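# Analysis of the macromolecular model
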Amino acid sequence: KELKMNSTCIVYGSSTGTCQDLASRIATKLGVDSSNVFDAGSISAEQLNGFQNLILGTSTWGAGEMQDDWYEGVKALKAADLTGKTVALFGCGDSESYSDTFCSAMKEIYDAAEGANIIGSVPTEGYTFDDSDAVVDGEFIGLALDDVNEDDLTEGRIDAWLSSIKGSL
């Protein structure tokens, strides 16, 4: 069946503004209205149920933890009916200072989105990091971004990822 692009929402958890900025950039490139871009701390299961496609982004903190707003966001995600929904993940991290947990927080959201059709895995080639919980079967479970050390690669990584998932949204 034909899905409309406006049935996509983007949910982010951001402490310093980086992940929020990336969410806005992704929304603009996908043509998702800013009214459908939400902070993870303020979404409800009912809101999530209103969308066919969920693009979920988090920064990674400490020893690989989700951004704080996602603790509420994960509750909403688990309470939502994800059957038949498409989920794509993106994460931002610091591959130099936290190379052993680079973008690991994506895994907690990935696990919470169980039951959805999760798309958008990204090969680890071209990334420099030691370990990440977000690598499953040799690929990142979503788009990993390091806007701290590799901001020159961010735009190209977003564009390549969006072209890989656009057909499924």
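From a predicted model like this one, the values you see are computed outputs, not experimental measurements.

## Looking at the overall build of the protein
Within the protein one finds five helices and ten strands. Whereas a compact globule of 169 residues would reach a radius of gyration of roughly 15 Å, the protein reaches 14 Å, a difference of no more than 12%. Its C-alpha atoms give the protein principal-axis dimensions of about 40 × 30 × 30 Å. Across the 169 residues that make up the protein, the buried fraction comes to 51%.

## Quick notes on the pairing of strand β1 (residues 8–13)
For β1, a buried count of six out of six residues is recorded, marking the element as mostly surrounded by other parts of the structure. Here β1 shows no split at all, with Thr8, Ile10 and Tyr12 on one side and Cys9, Val11 and Gly13 on the other all buried. Note that β1 and strand β3 (residues 53–61) share six bridges and pair parallel. Opposite threonine 8, over in β3, you have asparagine 53 as the bridge partner. In this view, the connection linking β1 to its parallel neighbour strand β2 (residues 37–39) by way of helix α1 (residues 18–30) has right-handed handedness.

## A short note on the sheet that holds strand β9 (residues 139–140)
Taken in spatial order, the three strands of this open sheet run β7-β9-β8, and their pairing is antiparallel. The open sheet terminates on both sides in strands that have one partner only, identified here as β7 (122–123) and β8 (135–136). Summarising the sheet, β7 and β9 pair through two bridges and their orientation is antiparallel. Bridge assignment links valine 122 to a residue of β9, and that residue is phenylalanine 140.

## Comments concerning the pattern of salt bridges
Counting across every chain of the model gives seven salt bridges. Each of the salt bridges in this network shares a partner with another, and the network as a whole consists of Asp21, Arg25, Lys29, Glu155 and Asp159.

## Some thoughts on the side chain of serine 7
Tracing the backbone through its elements, the reader meets serine 7 in the segment before β1. By relative accessible area, which is 15% here, serine 7 ends up buried. Discounting residues that sit within four places of it in the chain, serine 7 has contacts with Phe51, Gln52 and Asn53.

## Some thoughts on the side chain of arginine 157
In this structure, arginine 157 sits in helix α5 (residues 151–165). A polar contact is formed between the side chain of arginine 157 and the backbone oxygen of glycine 126, at a distance of 3.1 Å. Dropping the residues within four chain positions of it, arginine 157 is found in contact with Gly126, Tyr127, Leu143, Ala144, Leu145, Asp146 and Glu150.

## A closer look at the confidence of the model for the protein
When pLDDT drops low, the exact placement of atoms in the prediction is not to be read closely. Of all residues in the protein, 96% have pLDDT values of 70 or greater, and the mean over the chain is 94. Overall, residues 1–6 carries pLDDT values under 50, and its contacts beyond four positions in sequence, including any with other chains, amount to seven contacts.

Conventions we followed
- Residues numbered from 1 in each chain as written.
- Predicted model: local features only at pLDDT ≥ 70, side-chain atom pairs only at ≥ 80, totals over all residues.
- Heavy atoms only, no water.
- Helix = DSSP H or I, 4+ residues; strand = E, 2+ residues; numbered from the N terminus.
- Rg over C-alpha atoms; globule rule 2.2 N^0.38 Å.
- Buried < 20%, exposed > 50% of the residue type's maximum accessible area, 1.4 Å probe, protein only.
- Pairing = 2+ DSSP bridges.
- Right-handed = clockwise from strand over helix to strand, strands pointing away.
- Salt bridge = Lys/Arg side-chain N within 4 Å of Asp/Glu carboxyl O.
- Contact = heavy atoms within 4.5 Å.
- Polar contact = N/O pair within 3.5 Å; in protein donor to acceptor, adjacent residues only side chain to side chain.
- pLDDT = per-residue confidence, 0-100.

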